[in-house]
Structure formats: structure tokens, C-alpha cells
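Examining the three-dimensional arrangement
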Amino acid sequence: MSKQTQAKSNWGTSYGELVWREFAKSRLSIVCLSFIVFLFAVAILAPFLANDKPFVIRIDGQLHFPIFRNLGASDYCIFLAAVVGCSQLLLIKRNHRHVDPSIRGAALWRQICISSSIILIGVILLFVFVPRRLDATDYKAMVACRQATDAIFAPIPYGYARTNLKLREQPPSWEHLLGTDDVGSDTLCRLIHGSRISLSVGFVAVGISTVIGILVGAILGYFGGKVDFIGMRIVEIMMAIPAFFLIITIVAFFARSLLNIMIIIGITSWTGNARFIRAEFFKLRKQDFVQAAVSLGLPLRSILFRHMLPNGIAPVLVNATFGIAGAIFIEAALSFLGFGVAPPTPSWGQMLSLGVSTTGRFLWWLTLFPGLAIFFTVLAYNLVGEALRDAIDPKLRTR
Amino acid sequence: MTGKVAVPATAKRKRRKNIEQGISNVEAKVPNMVNTNDYLLRVAGLKTYFPVKKGLLQRTIGYVKAVDGISFGIQAGQTLGLVGESGCGKTTVARSIVRLVPATEGSVVFDQTDVLSADRVKLRELRRQISLIFQDPFGSLNPRMTVGNIIGESLKVQKKAAGSELIERVTALLSKVGLSPDHINRYPHEFSGGQRQRISVARALALEPKLVICDEPVSALDVSIQSQILNLLKDLQDEFGLTFLFIAHDLAVVEFFCDIVAVMYMGKIVERAAKEELYRNPLHPYTRALMSSIPQVERDPSPSRRGRRTTLGGEVPSALNPPAGCAFHPRCPLAEGVCLKQMPVLEEKGDYEGHFVACWKCQKKLIIDNG
Amino acid sequence: MNDNGTLLSVEDISTHFFTEEGVVKAVQDVSFAIMKGQTFALVGESGCGKSVTALSIMRLVPEPQGKIVSGEIVFEGKKLLSLSEKGMRQIRGNEIAMIFQEPMTSLNPVYTVGNQIVEAIKLHQKKSTSQAWSDAVEMLRRVGISDPQQRVREYPHQMSGGMRQRIMIAMAVSCEPVLLIADEPTTALDVTIQAQILDLLDRLQEQNGMSILLITHDLGVVAERADDVAVMYASRIVEVAESRQLFAEPLHPYTQGLLESLPRLGITAGRLQTISGTVPEPLHFPAGCKFHPRCPVGREDRRCQTVEPKLREVRPGRCVACWYARDRRQRAEDRRQSPESAAVDEG
């Protein structure tokens with residue numbers, strides 16, 4: 001044991017730890033990161049925070065748990081992903097304390113493979129086995145009519161799809177903290193559920209664009225020459241088309257589903273990443289440590305994935321952070337224009353568009369609150385990206 | 001790295017013999033005169049040109065002749081020094097030899113295998129026997145890998161060692177280059193320049209190469225560290241019988257480290273001789289100017305050397321349009337007539353066998369009776 | 001030292017950098033004096049504080065992290081540290097000029113070299129533009145640039161490193177400064193070009209009678225060009241002497257080690273002498289004499305390990321910061337008594 005602790009004191013600080021240390025120096029970036037974590041928590045726990053179904057209710061002397069009965073496959077998928085993701089983060093932390101640095105990379109790679117396969121299999125199983133239920137029971141009415149007792153509701157006891165035409169276009173009150181919209185749904189509830197859309201659009205769209213960007217950029221950057229020449233022209237043509245109009249055009253042809261929007265945003269915004277990675281690879285190819293790897297007779301796989309990619313990926317990750325903010329923005333804009341997800345699924349941009357009602361009244365609470373949500377989320381992502389960019393500054397590598 | 005290579009003593013003796021003999025002729029035009037088997041590395045007529053491209057269609061408008069017809073040979077256990085100012089092509093020579101840069105013409109024969117025409121598998125095999133040490137101690141180590149991985153990766157990839165044996169060998173290498181075995185799990189940024197250069201040396205030695213190409217290994221280091229690294233390289237050479245191609249711009253370092261010295265100017269070797277001979281009797285005006293330009297520390301309180309030197313005027317011409325005739329003629333104090341028109345060839349001149357000079361103005365070889 | 005011949009005297013300057021990791025004491029109690037018309041060299045390895053000393057003299061230490069915490073700099077009777085920023089600007093470039101190591105980046109790439117020299121001239125001297133231009137051409141001729149009429153209209157990227165360093169020198173001496181601070185002026189250049197630049201500095205010094213503070217790590221350059229030398233190690237001056245005396249008979253063990261570890265032409269014996277270990281990190285200086293972990297004497301001596309020696313005059317004209325300042329002969333005797341291995345134990 002004592003030998004082991006001694007060995008640990010000899011462990012060096014990895015690049016990741018250095019970046020984190022530099023990142024954590026700024027209080028603002030920590031605040032922004034916490035805000036994003038908070039948003040994620042809200043998005044994951046949305047059904048428990050805002051739901052018109054009670055956690056527990058006693059009907060005819062029998063206890064029921066309607067909130068859990070009503071969770072769909074996608075809800076369970078989100079929980080599963082959240083649990084796996086959190087444990088992956090804990091594992092990374094544990095790796096840094098307990099896994100020998102020389103095999104840490106392999107261990108991490110293995111863990112990520114296992115985690116993602118768990119998520120993948122879990123999602124498939126959940127969608128196959130969890131039945132779709134539609135429970136239209138109005139439990140609140142039941143409680144009001146004394147048909148049921150002992151009901152425990154979520155903190156915001158409204159459903160995002162529940163309409164109430166009697167209560168439409170209400171300004172903020174104690175009943176509805178942020179008011180109601182044109183069909184009488186609670187704004188706060190829709191805001192909470194809308195965070196799921198915004199965050200997942202950001203993540204998946206940027207994930208798609210980053211993967212495409214890295215692949216294309218790596219190919220162009222490594223091979224260079226004619227491949228690069230032709231590839232770059234294609235990338236430039238892509239960049240010359242205004243992305244937003246391209247997206248609107250494509251969206252008009254397809255069903256208005258969340259997945260479609262994510263994919264479309266993803267496949268139209270990879271050009272920046274491709275250029276980044278290409279430039280990095282060009283630079284790295286001439287670096288001495290890559291030349292050294294070549295001259296040691298290491299195979300191409302090792303040169304590309306062990307020596308070049310880890311050193312070239314940092315700026316892409318930073319770019320991805322900005323990309324998430326951009327994707328959230330695009331989704332909001334699409335929804336605002338009515339090309340977003342179909343109602344009743346809530347989305348911040350779509351809520352924003354309801355600010356001017358059909359009667360011509362300006363409903364300030366429907367503009368202000370989703371607007372603030374978009375603003376702060378995009379701001380937080382941008383600030384985190386900026387802090388990350390400062391943290392990976394090349395001066396770290398030399399000192 | 002536990003088993004000591006069995007030839008240090010013989011290699012040393014052989015080296016000494018070579019110095020005494022001087023290097024014999026390895027010119028491309030007279031390959032039959034030497035037994036090629038004697039040489040571990042033989043470079044003949046090596047040319048590396050870089051095309052200069054311009055315009056939208058990337059048309060080639062000319063060539064930078066970075067290396068323009070270079071020939072030399074290194075015998076096993078010997079150290080050849082390649083000296084020259086920045087931009088003279090010495091680094092390109094090193095990179096062309098291991099085909100990090102494609103050579104345009106010529107031949108490189110390593111251990112009786114032609115490097116330039118080797119296929120992928122063969123080339124990888126060759127690269128394991130030739131390793132490189134780079135100048136910049138900060139750029140030559142992957143910042144994302146631990147020292148252990150940097151040194152051990154090639155061993156692992158070649159399946160020469162794994163698991164605890166790998167760690168053992170890496171530890172042995174670390175202590176061989178004067179680092180603590182505790183450093184195995186650290187990252188490069190935690191080391192100073194000199195220590196990083198030691199890591200580079202350990203990486204270069206991991207596969208027990210026959211030839212080590214050192215590309216300015218000490219020029220980025222402070223004086224006190226520089227001497228440590230030079231000593232280390234020399235000790236390792238004695239221990240493992242290594243052969244070095246040592247590239248530097250510092251003539252004093254080269255004199256300390258090498259057996260044979262070749263001076264490069266604008267992609268060509270202008271003078272090549274055994275160390276003792278070259279430093280005692282530099283013939284090419286460029287070599288002389290180089291030697292005279294080095295500021296010297298003189299330990300005796302004699303009057304300062306101010307004004308005693310012969311400073312070379314002018315600057316190295318652009319490699320894109322080199323001057324006609326001898327490339328050195330615009331700066332040469334002796335240049336006249338033929339120098340401006342015709343390129344001199346590297347010929348044996350001077351008092352000793354194996355002293356090659358490419359200069360029209362140098363005296364012809366003196367026939368002396370040396371018993 | 002003779003007071004009326006002194007141009008610049010630096011008295012117990014300390015410059016610290018206040019960083020997040022702690023206070024970096026880049027320069028500690030550095031004192032030296034430069035005579036009129038003299039070349040004074042400050043020599044040391046990278047990170048020893050020689051450049052920061054130069055910046056302190058120019059009062060160009062990057063604020064707010066860097067600060068001159070104590071000491072005084074007297075230049076021609078003026079106390080530089082108590083001058084206003086405006087007064088300092090009068091001196092900078094006009095009376096004290098500076099050239100830097102990197103000739104590639106110290107010129108502005110978007111202006112012609114002529115523009116940049118003219119700007120420097122007009123800033124400090126009341127001259128018409130046309131006069132300044134002809135001065136610029138004259139300056140270029142003086143620094144040995146052929147065809148100055150043509151060159152003055154060219155951009156920095158059209159010139160080689162040596163040429164750019166000449167331009168920098170032309171700018172620096174255009175206002176006839178009395179002190180030129182040259183911070184590693186030839187480090188980025190090849191030896192043949194280095195010799196040209198050093199010759200040029202020599203010539204200009206003869207013509208102008210200016211003093212030069214030469215900052216370098218190259219002992220060879222110092223030996224050939226400097227009148228007096230101060231050797232710096234870990235932010236302190238460890239030895240000051242006349243250059244010939246210093247090289248003939250170094251007294252501080254660090255200076256001795258440096259000189260012995262230098263590969264020199266004509267010396268090809270089996271191994272080089274080395275100084276073991278590495279330069280300490282400025283945040284983790286050892287207690288006592290900062291050189292003691294690398295010093296053959298200091299490694300075992302209690303006093304060296306605990307008390308830092310001050311620079312003191314051990315014999316006329318020789319100042320050393322060492323408890324056991326010895327010359328070569330004495331040290332050889334020491335070594336005979338206790339054989340010291342030149343083993344390498346770094347880190």
C-alpha cells in the first residue's frame with residue numbers, strides 16, 4: 001500500500017488536469033459551467049418538476065403512482081443516459097487517482113465504449129419494451145371533487161400539453177408564476193420541458209457536425225495534395241451557401257420532428273470543424289513529435305490517433321461549445337418562424353413566437369422569459385467555450 | 001536494454017583506426033574504389049528539391065535545391081558531423097535519409113539496403129534501425145503522453161516487450177540517460193529542456209538502433225546543460241557502439257563530438273575531412289571564415305582578439321536563384337574568373353588522404369612522403 | 001569605481017513578478033555600473049533575469065504583474081525610477097536605446113523600414129520629413145546596408161534576419177543614444193552574420209562613443225567584445241570583473257563550471273566538464289546560496305546551504321558572491337584532496 005501511494009506521488013499532471021486547473025481559475029467560467037449543469041439537471045428531471053400527474057395519489061383507498069406510469073420510453077432513455085454519463089464522469093475522476101497514467105488512455109477508451117454500448121442497447125430495449133400510454137385523467141379535478149385524496153403533485157402541477165382555454169393569456173400570478181400562453185398552458189412548465197429540446201438539439205446537432213468535421217478534416221489534412229484541393233473547394237461551396245436558408249429549405253421538405261431538425265443542423269454546420277481539424281493536422285504533420293513517431297516506424301493508426309488527433313482535437317472541442325450555442329440559436333429561430341418541432345411539444349423559440357397573440361396583444365411574459373432562457377444558455381455556452389479556449393492555450397504545452 | 005551490446009571495444013578501436021586513416025573516397029562517380037560493405041550508411045549524389053508553387057493552379061515555377069548532390073559514408077561506430085549555417089540543407093539531409101522528406105535523386109544505402117527504393121514494410125523495418133533526435137526539446141515530445149509511453153511505445157508496437165517487461169525496459173532506459181525511474185508516469189511539460197532532450201535520447205535508443213541521427217540536439221539548450229547531453233551521447237556511443245550522424249551549426253561542438261566533419265553551404269558539401277585534419281588545416285574559404293567567426297573564450301589574459309578575425313561579408317544568397325558558378329563566390333575573398341562561371345567539384349586536396357574540398361582556389365593535393 | 005566616468009549605475013535593483021502561483025523574484029539586489037564608452041556584458045543562462053534587468057533599466061517591466069520593488073537606477077545623475085512616465089519617454093529611445101533578440105518580430109511588417117526609422121527620428125528630434133528621410137538613408141549606409149536608397153523603401157519581410165537586425169540597430173542609434181542596450185542581439189543569427197553585427201556594434205561605438213550593455217548567454221561573444229562582465233545566476237549577480245580577468249581566472253564556482261563545460265575549438269578531450277543538475281525554478285529557489293545544489297563545495301557546506309552570500313570585493317576589481325571564492329589553482333588543490341566526480345544527477 002505504501003508503495004502504491006508513493007507511486008502516485010510520482011504521477012505527473014496530465015494535459016486534461018492542466019486544462020481543468022486553468023479553466024477553474026476563472027470564477028465566471030465555473031459559474032457558467034454550473035449553470036449549464038443546472039440546466040441539464042432541470043431538463044433531465046423535467047417530468048418530476050413540472051407535471052399535472054401527481055407522484056402519489058389515493059383513489060378509492062388504493063395508492064397509485066401516475067407520474068411513473070406516464071413516463072415514456074424517451075424519458076427512461078434520458079434517465080439512463082444521465083446515470084451512465086454521471087458514472088462515466090466519476091470514473092474519469094477515479095481514473096486520475098487510481099489508474100496508472102500510461103494505461104489511462106486505453107482504460108478511458110474502454111470505459112467510453114462500454115458506456116455508449118450500454119446506452120445504445122438500453123435505448124433500443126426501452127423503445128421496444130416500454131409501452132406508450134396515454135393517460136388523460138385529470139387528477140386535479142379528481143382531487144377537487146374529493147374522488148381522490150393524499151395527492152402529492154410536482155412543484156409545478158401543470159402539464160405542458162394540458163390546455164385550459166379559460167385561463168389563456170394570463171399574466172404572471174401566484175397561480176401561474178410566469179403566466180400562461182394562448183391555449184392556457186403554464187409558461188414555466190413549458191419552459192422547463194422546452195429546455196430538453198434546446199439542450200438536446202445543441203448536443204446532438206453539434207455531435208453530428210463534429211464527427212463529420214473531424215472525419216473530413218482529418219482526411220483532407222493528412223493526405224493533402226489533390227484530395228485536399230478538391231475537398232476544400234467542396235467545403236468552400238458548402239460555406240458559401242447561407243446555412244440558415246439552406247436549413248429552412250430542407251426543413252420544409254421533411255416532417256417537423258426534433259430528430260430531423262438535429263440532423264439537418266448537424267449536416268449543414270460541419271464545415272467550420274473540418275477546416276479547423278485540417279489546419280491542425282497540417283500543422284501537426286510538421287511537428288517534431290509526429291516526425292519522430294514516423295521515424296520510429298510506428299504504424300499509421302498510431303500516428304493518426306495517438307499522436308495527431310489528441311493534440312489537434314482541443315480547438316475543435318472549443319469550437320463545439322460555440323457550436324452548441326449556435327445550434328440552440330438556430331433551433332430557436334426555426335421554431336420562432338414556425339419550422340421547429342410540432343406543437344404541443346414545447347420549445348423556447350416557439351414560445352417566443354407566441355408573444356404576439358392572434359388578437360394582436362403583446363404578451364410580454366411570453367417574450368421575456370423564453371428570451372432570457374435562450375440568452376443565458378447561449379451566453380453560458382459561449383463563456384465556457386471562451387474559458388476553455390484560454391485554458392488550452394499553447395503556452396501550457398511549453399511550460 | 002539489459003544486455004550490453006558486445007562490440008564497444010572493437011567499435012572504439014575501429015573508430016580510432018578510421019580517424020587515423022581519414023575517410024576514403026565515397027564519391028558517386030567512383031563507387032568501385034571502396035568496399036561498400038564497410039559503410040553502415042552510404043549517401044551518394046543525394047538531391048532533395050522542393051518545388052515552389054504559385055498561383056491558383058499551383059503551377060511549379062521553380063525549385064529550391066535544399067540538398068544538391070551530397071555524398072558521404074559513415075562506418076559503424078563512427079560519428080560524422082554535418083556543419084553549416086541555418087538554411088544550408090543539413091536538416092533536409094537528415095530527413096531525406098529516413099524519407100521523412102522525399103528525395104529527388106541519388107541513393108541512400110543503409111546496411112546494404114537501399115532506403116530510397118524500399119517499400120512500406122521494408123521502410124518501417126529500416127526506420128527502426130535509424131532513429132532521430134530532434135533539436136527542439138519542447139516540440140519533439142507528444143505533450144499528451146507520459147514519458148513511459150513516449151519511450152515505450154515503439155517497443156510495444158514492435159511487440160518487443162509488454163507488461164512488466166516493458167516497464168522494466170523503460171526504467172532501464174531512463175536510468176541510462178540519467179533520469180529517475182520515478183519519472184515514468186510524468187508528462188513532458190514537467191521537465192526542463194535538458195531533461196526532455198534526455199527523454200528524446202531514451203526514445204531514440206529504445207529499439208536499439210544502429211544509426212542515430214542527431215539534428216542539432218544541443219543547440220536549444222543552455223551551456224551547462226549542453227555539455228551534459230554531449231557527454232551522455234558520447235557515453236552511450238561508447239557503451240552501445242552507436243553510429244552517429246551529428247548535425248550542428250556549432251563548430252566547437254562538432255569538433256568535440258565527431259570523427260569526420262563535412263561542411264555544408266547551400267545544399268552542397270564544400271569540405272569534408274577527418275576532424276583533426278579539418279580543424280588543423282581548413283582549406284575552403286567558407287570553412288575558414290566559419291572558424292574565424294566563432295567567438296572564442298580565451299583563458300589566457302592575452303590581448304583581446306578584436307580585429308583579428310576575418311569577417312565574412314554578405315549573406316547567404318536566396319536558394320531560389322543561387323548564383324552561377326561556385327555558390328560561395330559572392331562572399332568569397334578569393335573568388336575570381338572560373339569561380340563565377342563553373343561549379344567546383346568535391347575533390348581530394350590538401351596534405352592528407354581523405355580531405356575533400358570543393359573549391360577552385362584551393363591548392364592541389366600535395367604529394368608528400370609519409371613513410 | 002570612478003564616479004565621474006560612470007554613465008549608468010544600477011543600485012540594488014529587485015524586480016518581482018506577482019503571479020497566481022506566487023511571487024517570482026526575477027531580479028534580486030542587482031548592482032553594477034557602466035562607464036562611458038564601455039561595453040558591459042551581462043551574461044547568464046536563460047531565465048536568470050538578465051533580460052528583466054534590461055527592461056527594468058528601461059522601465060519597461062510588464063505591468064501590473066511585474067514591479068521594481070526596490071533599488072535605484074542612476075543615469076547621468078538622473079534617478080530613473082523617480083522620473084515621471086513623460087520624463088522617461090524622453091530618455092527611452094533618445095538617450096538609452098534598446099535592440100532585441102528577435103529581428104523577425106521587432107519590426108512592424110506593414111510599414112517600410114524607412115517609415116519606421118523616420119518615425120523614430122522625428123519622435124525625438126525636430127527635423128523635417130525630408131531631412132529625416134535623408135537621415136534614414138544615411139543611417140542605413142552607416143549600418144552597412146548596400147544600396148540604402150532602394151532598401152529604405154522596402155518592407156521588413158523582404159529582408160533577411162541579419163539585415164533586419166541592422167535595421168533595428170539603425171533605428172536604435174539614429175538618435176545618437178549614449179547607452180545602447182543590446183538584448184541577445186545575435187542569438188537568432190548565424191555565426192558569420194553574428195560576427196558582422198558585432199563588428200558593426202564595435203564600429204558604431206567607436207564613432208559615437210556610446211556605452212553598450214550587452215546581454216547574452218554566449219561566453220565567447222563576451223570574451224571578445226566586453227570590457228567588463230557581470231555573470232548572473234538565478235536572478236542574482238554572482239561575479240563581476242573585467243572581462244579578461246574573469247576568463248583568465250574565474251572565481252565563482254558557477255563561472256568556473258560554465259567555462260569548463262563550454263566546448264571550445266581545439267579542445268577535444270574525451271569528456272566535457274559539466275555542472276550537474278539544472279537551473280532552479282524561480283518559484284522554488286533553494287535556501288542559502290542558490291547555486292549550492294550544483295556546487296562541488298556548496299553541496300556539503302552548511303553555510304552555503306543556509307546563508308546567501310552577498311556580492312563582495314574579494315580582491316581589487318573582483319566582486320564575487322560566494323563564501324569560498326577560489327581561483328583555479330586553489331580549486332585544483334581542493335579537488336586533489338577530495339576527488340569530485342562529474343556525475344550527472346539532474347532533476
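Up top you'll find the structure we're talking about.
Treat the numbers as computed from the prediction; the structure is a model and nothing was measured. (Residues numbered from 1 in each chain as written. Chains lettered and ligands numbered in written order. Predicted model: local features only at pLDDT ≥ 70, side-chain atom pairs only at ≥ 80, totals over all residues. Heavy atoms only, no water.)

This part takes up helix α6 (residues 73–98) of chain A. Residues and elements named next belong to chain A. An ideal rise of 1.5 Å per residue puts 38 Å on 26 residues; α6 measures up with 36 Å between its terminal C-alpha atoms. By the burial criterion, the buried members of α6 are Ala73, Asp75, Cys77, Phe79, Ala82, Val84, Gln88 and Asn95. Along its buried surface, α6 packs onto α3 (27–44), α4 (46–49), α7 (101–129) and α9 (187–223). (Helix = DSSP H or I, 4+ residues; strand = E, 2+ residues; numbered from the N terminus. Expected span 1.5 Å × (residues − 1). Buried < 20%, exposed > 50% of the residue type's maximum accessible area, 1.4 Å probe, protein only. Contact = heavy atoms within 4.5 Å.)

Here the focus is the pattern of salt bridges. By the definition in use, this model includes 34 salt bridges over all chains. With a shortest N-O distance of 2.6 Å, Lys361 of chain B and Glu336 of chain B are connected by a salt bridge. Here Glu336 of chain B lies in the loop between α10 (285–293) and α11 (338–341) and Lys361 of chain B lies in the segment after β12 (356–357), a separation of 25 residues in the sequence. You can call Lys361 of chain B partly exposed: its relative accessible area is 33%. Using a relative accessible area of 47% as the deciding quantity, one classes Glu336 of chain B as partly exposed. Linking Glu184 of chain C and Lys50 of chain C is a salt bridge whose minimum nitrogen-to-oxygen distance equals 3.5 Å. With Glu184 of chain C in the loop between β7 (179–183) and α7 (191–208) and Lys50 of chain C in helix α1 (residues 50–58), this pair connects stretches of sequence that are 134 residues apart. Using a relative accessible area of 5% as the deciding quantity, one classes Lys50 of chain C as buried. Through salt bridges with shared partners, a single ionic network connects Asp29, Arg236, Lys290 and Glu308 of chain C. (Salt bridge = Lys/Arg side-chain N within 4 Å of Asp/Glu carboxyl O.)

This next bit is on helix α5 (residues 163–176) of chain B. Between its first and last C-alpha atoms α5 of chain B spans 20 Å; for 14 residues at 1.5 Å apiece the expected length is 20 Å, and the two agree. Buried positions along α5 of chain B lie against α4 (147–157) and α6 (193–205) of chain B.

Okay, the packing of aromatic side chains next. One pass over the full model with this rule turns up 22 aromatic pairs over all chains. Look at Phe244 of chain B and Phe257 of chain B: their rings are 5.4 Å apart centre to centre, the planes differ by 65°, and that puts the pair in the edge-to-face class. Of this pair, Phe244 of chain B sits in strand β8 (residues 243–248) while Phe257 of chain B sits in helix α8 (residues 251–257); the two residues are 13 residues apart in sequence, bridging distant segments of the chain. We note that Phe244 of chain B, like Phe257 of chain B, is buried. Judged by centre distance (5.1 Å) and plane angle (85°), the ring pair of Tyr265 of chain B and Phe328 of chain B falls under edge-to-face. Taken together, the positions of Tyr265 of chain B in strand β9 (residues 260–265) and Phe328 of chain B in the loop between α10 and α11 put the pair 63 residues apart, joining distant regions of the chain. Its relative accessible area of 3% is what places Tyr265 of chain B among the buried residues. The class for Phe328 of chain B is buried, based on a relative accessible area of 2%. Over the ring of Phe356 of chain B we find Arg272 of chain B, and its NZ or CZ is 4.5 Å from the ring centre. Above the ring of Phe285 of chain C, the side-chain terminus of Lys290 of chain C is found at 4.8 Å from the ring centroid. (Phe/Tyr/Trp six-rings, centres within 6.5 Å; stacked < 30°, edge-to-face > 60°. Lys NZ or Arg CZ within 6 Å of the ring centre and 35° of its normal.)

Here we take up the interface of chain C and chain B. Between chain C and chain B, the residue contacts involve 54 residues of the former and 47 residues of the latter. Here chain C and chain B share an interface that buries about 4400 Å² over both sides, 51% of which is from carbon and sulfur atoms. Where chain C meets chain B, there are 0 salt bridges. For the interface between chain C and chain B, the tally reads 9 residue pairs in polar contact (both at pLDDT 80 or more). Listing elements by their share of the side of chain C that touches chain B, those giving two or more residues are α6 (161–173), α7, α8 (219–225), α9 (243–248) and α10 (253–261) of chain C. Counting residues per element, the side of chain C that touches chain B draws most heavily on α7 of chain C, at 8 residues. Residues of the side of chain C that touches chain B, tallied by class, amount to 21 nonpolar, 18 polar and 15 charged. (Buried area = accessible area lost by both parts, 1.4 Å probe. Polar contact = N/O pair within 3.5 Å; in protein donor to acceptor, adjacent residues only side chain to side chain. Nonpolar A, V, L, I, M, F, W, Y, C, P; charged D, E, K, R; others polar.)

Every regular strand shows the same layout, with side chains that alternate between the two sheet faces. Residue and element names in this part refer to chain C. Within strand β1 (residues 6–19), 10 of the 14 residues are buried, which leaves the element mostly enclosed by the surrounding structure. With 10 bridges joining them, β1 and strand β2 (residues 22–35) adopt antiparallel strand pairing. Bridge pairing in β2 places Leu8 opposite Ile34. The turn linking β1 back onto β2 is made up of 2 residues. Inspection of the sheet shows β1 paired to strand β4 (residues 66–75) by 8 bridges, in the antiparallel sense. Across the sheet, Glu11 pairs through a bridge with Glu72, a residue of β4. (Pairing = 2+ DSSP bridges.)

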